[in-house]
Amino acid sequence: MMVKCIKDTEGYWTEGELYPACLITAGFIIFGDDEDLEGDGWTAAPVDYPDDGAVIYRVGGIDGEALFEERAA
């Protein structure tokens, strides 16, 4: 799956860029950052399900905010 960075206040990701992600337990995803796109150093939890079928994820464990969007296929 690919997720799009829609907000990053920490500087680990580039807003508007797509990142490969894998779905793990309980709807969480795991993925890399700009330094290691194929890495698996970050985990994000689903936080919103807009009416358009997308899923919005928030990265945990950081001081700022990082949001990613998975678009419905």
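Look above for the structure.
Residues numbered from 1 in each chain as written. Predicted model: local features only at pLDDT ≥ 70, side-chain atom pairs only at ≥ 80, totals over all residues. Heavy atoms only, no water.

## A short note on the overall build of the protein
When helices and strands are tallied, the protein shows 0 helices and 6 strands. Traced from its N-terminal end to its C-terminal end, the protein shows the element sequence β-β-β-β-β-β. Its C-alpha atoms give the protein a radius of gyration of 11 Å, near enough to 11 Å, the size a compact globule of 73 residues would have. Expressed along its principal axes, the backbone C-alpha trace of the protein runs to roughly 30 × 20 × 20 Å. For the protein, buried positions account for 32% of its 73 residues. For the protein, the proportion of contacts with a sequence separation of at least 24, taken over those separated by at least 6, is 26%. Averaging the coordinates of the 4 positive side-chain charges in the protein and doing the same for the 17 negative ones gives two points 9 Å apart. (Helix = DSSP H or I, 4+ residues; strand = E, 2+ residues; numbered from the N terminus. Rg over C-alpha atoms; globule rule 2.2 N^0.38 Å. Buried < 20%, exposed > 50% of the residue type's maximum accessible area, 1.4 Å probe, protein only. Contact = heavy atoms within 4.5 Å. Lys, Arg positive; Asp, Glu negative; His and termini not counted. Charge placed at Lys NZ, Arg CZ, Asp CG, Glu CD.)

## Observations regarding the pattern of salt bridges
Applying the stated criterion to the full structure yields 4 salt bridges. Arg58 serves as the salt-bridge partner of Glu65, at 3.0 Å between the closest nitrogen and oxygen. A residue is classified by how much of its surface remains accessible, and Arg58, at 37% relative accessible area, is partly exposed. For Arg71, the salt bridge goes to Glu69, with nearest N and O atoms at 3.0 Å. According to the relative accessible area criterion, Arg71 is partly exposed, its value standing at 47%. A relative accessible area of 16% places Glu69 in the buried class. Linked through salt bridges whose partners overlap, the residues forming this network are Lys7, Arg58 and Glu65. (Salt bridge = Lys/Arg side-chain N within 4 Å of Asp/Glu carboxyl O.)

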